[in-house]
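Structural overview for review
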Amino acid sequence: MFNPTPPPMPEPIYLDHHATTPCDPRVIDAMLPTFGEAFGNASSRQHAHGKRAAELVEGARGKVASLIAADPREIVFTSGATESDNLAIKGVARWFASQGHGPRNMSGPGHVVTSAIEHKAVLDSCAQLEKEGLQVTYLPPNRDGLVDATAVEAALRPETVLVTLMLANNEIGTINPVSEVGKLCKERGVTFHCDAVQGMSLLDCSVDALGVDLLSLSAHKIYGPKGVGALYVRRRAPHVRLQPLFDGGRHERGVRSGTLNVPGIVGMGVACEIVENERESDARRIKPLRDSLLAQLREALPDLHVNGSLEHRLPNNLNVSFPGLDGEALVGELRGLSVSSGAACSSATHDSSYVVKSLYENNETVGGSLRFGLGRSNSTDEVVRAAKEVVNAARRLRETPPKTSIQGCDSISECVPGATSASAHRK
Ligand SMILES: *Cc1c(COP(=O)(O)O)cnc(C)c1O
């Protein structure tokens with residue numbers, strides 16, 4: 001609900017950059033003309049208005065391609081990474097199925113390898129393929145929150161048509177050994193898709209270095225607009241074939257029908273250009289902030305537990321559990337912070353998120369977890385204030401007997417079923 005009266009507190013501190021990021025002002029500036037005089041349909045190439053829009057789109061395509069060291073012809077614009085993941089996974093599997101055989105003349109509908117802690121866009125696409133008769137192996141992460149390349153190798157079968165593995169996890173920030181997996185997929189002739197959404201603002205995502213055939217990207221996780229993304233589709237060695245999700249005007253080389261979202265695409269292009277220029281300096285600045293946040297929390301709450309490897313982790317992510325505390329209750333106390341908890345609120349059970357849960361034994365209790373996602377605009381001062389607020393809230397909750405009421409679930413944070421967010425604007 002929009003609240004017309006301003007909150008009686010300073011602006012809440014935004015520490016949820018894995019869910020979305022604010023648009024960079026340079027992105028907004030570049031998009032504005034596309035709502036005005038540059039309004040053309042990029043497919044109407046017979047006239048000046050269309051040509052201008054097409055030029056803007058091709059300029060953006062070049063910038064997206066440059067960020068991942070690809071050919072512009074390998075970039076397919078989509079409505080976001082959810083669509084990119086669906087297109088990659090269903091597109092490859094259904095193309096092989098439509099040919100009546102897999103890469104090695106296998107019979108049967110095929111097999112897919114993925115991990116148990118992928119984004120729901122990947123997991124649910126795989127579940128749909130299972131309904132269509134394919135088999136799917138969901139590899140559990142190790143205790144560090146990583147999927148070993150050796151585990152992927154062991155899961156490959158003669159009929160495997162696709163491996164899909166994320167670059168970095170959206171909850172615990174762990175970074176998978178993607179280039180190792182890419183190498184072994186190449187050796188075995190298996191198509192390899194990677195959801196790189198969480199890595200692309202801070203890690204090198206060159207497609208050849210990663211060894212990927214398909215790469216999902218999203219603009220709103222890298223300071224671009226919502227509702228636009230891209231799928232990289234390798235053209236050579238191998239030439240990846242996809243069955244489209246939509247029927248229509250055969251835009252984007254026939255892979256993705258639908259009038260191009262020129263404003264969004266222009267914004268994504270500039271967002272990618274900025275990342276290419278500023279990624280390293282962003283990472284150098286943000287990692288010490290993250291490390292300092294952890295140090296301050298640990299100092300006051302020595303029993304807290306970091307979920308997943310600290311070493312193989314995005315420089316802006318921290319995911320910690322607080323023994324004996326409920327994640328949702330904790331988020332509910334953090335009125336001045338926009339952070340996310342992994343606690344489920346879709347039912348009355350206080351389950352921790354499927355990602356955090358997958359790191360531990362069945363009955364192991366690690367306590368409620370909080371996910372911090374730092375970003376470009378966060379300052380040292382904000383980190384100090386955030387740490388203080390979390391520490392105070394944790395102490396308050398430990399002193400008062402546990403409440404039985406469950407925090408309302410008025411916002412689904414990002415993709416985690418039932419994850420909640422707190423901010424000063426909401427109760
Ligand atoms: C946010 C996210 C997505 C979904 O991207 P949208 O553009 O919001 O559809 C997919 N994968 C990961 C890892 C994400 O973090």
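This write-up is about the structure you can find in this document. (Residues numbered from 1 in each chain as written. Predicted model: local features only at pLDDT ≥ 70, side-chain atom pairs only at ≥ 80, totals over all residues. Heavy atoms only, no water.)

1. Side note on the overall build of the protein
Counting secondary structure elements, the protein contains 11 helices and 13 strands. Counting over 427 residues, the protein shows a buried share of 56%. Sequence-distant contacts in the protein: of pairs separated by 6 or more residues, those separated by 24 or more amount to 74%. Entry remark: accessible area of the protein is about 18300 Å², with carbon and sulfur atoms responsible for 52%. (Helix = DSSP H or I, 4+ residues; strand = E, 2+ residues; numbered from the N terminus. Buried < 20%, exposed > 50% of the residue type's maximum accessible area, 1.4 Å probe, protein only. Contact = heavy atoms within 4.5 Å. Areas by Shrake-Rupley, 256 points an atom, 1.4 Å probe, with all protein chains shown as cover.)

2. Regarding the packing of helix H3 (residues 81-99) against helix H4 (residues 120-131)
Running from N to C, H3 and H4 point in directions that differ by 30 degrees, and their axes come no closer than 9 Å. When the axis of H3 is compared with that of H4, the two are roughly parallel. Here H3 and H4 pass one another in a crossing that is right-handed. Contacts between H3 and H4 involve Thr82, Asp85, Asn86, Ile89, Lys90, Ala93 and Arg94 from the first element and Ala121, Val122, Ser125, Cys126, Gln128 and Leu129 from the second. (Axes fitted to C-alpha atoms, helices over the stretch in contact; angles between N-to-C directions. Parallel < 35°, antiparallel > 145°, perpendicular 65-115°, else oblique. Left-handed = near helix turned anticlockwise from the far one by under 90°.)

3. Some words on the pairing of strand E7 (residues 214-218)
In terms of residue burial, E7 counts as a mostly covered element, since five of its five residues are buried. Side-chain alternation along E7 places Leu214, Ser216 and Ser218 on one buried face and Leu215 and Leu217 on a second face that is also buried. Bridge count between strand E6 (residues 191-195) and E7: three bridges; the pairing is parallel. Residue pairing in the sheet places Asp195 in a bridge with Ser216 of E7. Here five bridges tie E7 to strand E8 (residues 229-233), and the two strands are oriented antiparallel to one another. Paired with Leu214 across the two strands is Val233, which belongs to E8. (Pairing = 2+ DSSP bridges.)

4. Focus: the sheet that holds strand E4 (residues 135-139)
An order of E2-E8-E7-E6-E5-E3-E4 is seen for the seven strands of this open sheet, with the pairing classed as mixed. The sheet is open, and its two borders are formed by strand E2 (75-78) and E4, each paired with just one other strand. Ignoring which end each strand starts from, the neighbouring axes of this sheet average 20 degrees apart. When strand E5 (residues 160-164) meets E6, the two strands line up parallel, connected through three bridges. Residue pairing across strands places Thr164 opposite His193, the latter belonging to E6. Along the sheet, helix H6 (residues 178-188) contacts E5 and E6; its crossing angle with E6, the most-contacted strand, is approximately 160 degrees.

5. Here we look at the nonpolar core
Counting residues in each nonpolar core, the largest one holds 57 residues, and the members touching the most others are Ile68, Phe77, Val163, Val212, Leu215, Leu217 and Met268. Counting residues in each nonpolar core, the second largest holds 32 residues, with Ile286, Leu294, Leu325 and Ala394 among its members. (Core = buried A, V, L, I, M, F, W, Y, C linked by side-chain atoms within 4.5 Å.)

6. Details of the pattern of salt bridges
Applying the stated criterion to the full structure yields 22 salt bridges. Ionic pairing is found between Glu278 and Arg26, a salt bridge with its closest N-O pair at 2.8 Å. One end of the pair, Glu278, is in helix H8 (residues 262-300); the other, Arg26, is in helix H1 (residues 25-31), with 252 residues separating them in the sequence. Residue Glu58 pairs with Arg45 through a salt bridge whose shortest N-O separation is 3.8 Å. (Salt bridge = Lys/Arg side-chain N within 4 Å of Asp/Glu carboxyl O.)

7. Remarks on a negative patch on the surface
A cluster of acidic side chains, namely Asp144, Asp148, Glu180 and Glu311, defines a negative patch on the protein surface. Topologically, Glu180 is positioned in helix H6. (Patch = residues over 30% accessible without salt bridge, like charges linked within 9 Å, V, L, I, M, F, W, Y side chains within 5 Å. Lys, Arg positive; Asp, Glu negative; His and termini not counted. Charge placed at Lys NZ, Arg CZ, Asp CG, Glu CD.)

8. Some points on the site of the ligand
The local shell around the ligand holds 14 residues, among which Thr82, Asp195, Gln198, Ser218 and Lys221 are the closest. One nitrogen or oxygen atom from the side chain of Thr82 is found 2.6 Å from an oxygen atom belonging to the ligand. Between His220 and the ligand, the recorded distance is 2.7 Å, taken from a side-chain N or O atom to an oxygen atom. For the ligand, whose unbound accessible area comes to 380 Å², protein coverage reaches 90%. By residue number, the principal contributor to the shell around the ligand is H3, which donates three residues. Classifying every residue of the shell around the ligand by side-chain character gives three nonpolar, seven polar and four charged. (Near = heavy atom within 4 Å. Polar contact = N/O pair within 3.5 Å; in protein donor to acceptor, adjacent residues only side chain to side chain. Nonpolar A, V, L, I, M, F, W, Y, C, P; charged D, E, K, R; others polar.)

9. Looking at the packing of helix H2 (residues 48-67) against H8
Between H2 and H8, the least distance of the axes is 8 Å, while the angle of their chain directions is 30 degrees. In this structure, the crossing between H2 and H8 has a hand that is left-handed. Where H2 approaches H8, its residues Ala53, Leu56, Val57, Ala60, Lys63, Val64, Ser66 and Leu67 are matched on the opposing element by Val262, Ile265, Val266, Met268, Gly269, Val270, Cys272, Glu273, Val275, Glu276 and Arg279.

10. A word on H6
Taken as a whole, H6 has its buried residues at Val178, Val181, Gly182, Leu184 and Cys185. Buried positions along H6 lie against helix H5 (149-155), E5, E6 and helix H7 (207-210). One or two residues past the end of H6 sits Gly189, with phi positive at roughly 70 degrees.

11. Section: unusual backbone geometry
A cis amide bond, omega 0 degrees, links Ala237 with the succeeding residue Pro238. Looking at where Pro238 falls in the secondary structure, it is placed in the loop between E8 and H8. Although it is not a glycine, Arg250 adopts a positive phi angle of roughly 55 degrees. In this fold, Arg250 is placed in the loop between E8 and H8. Using a relative accessible area of 59% as the deciding quantity, one classes Arg250 as exposed. Unlike most non-glycine residues, Glu252 shows phi in positive territory, near 50 degrees. Among the secondary structure elements, Glu252 is positioned in the loop between E8 and H8.

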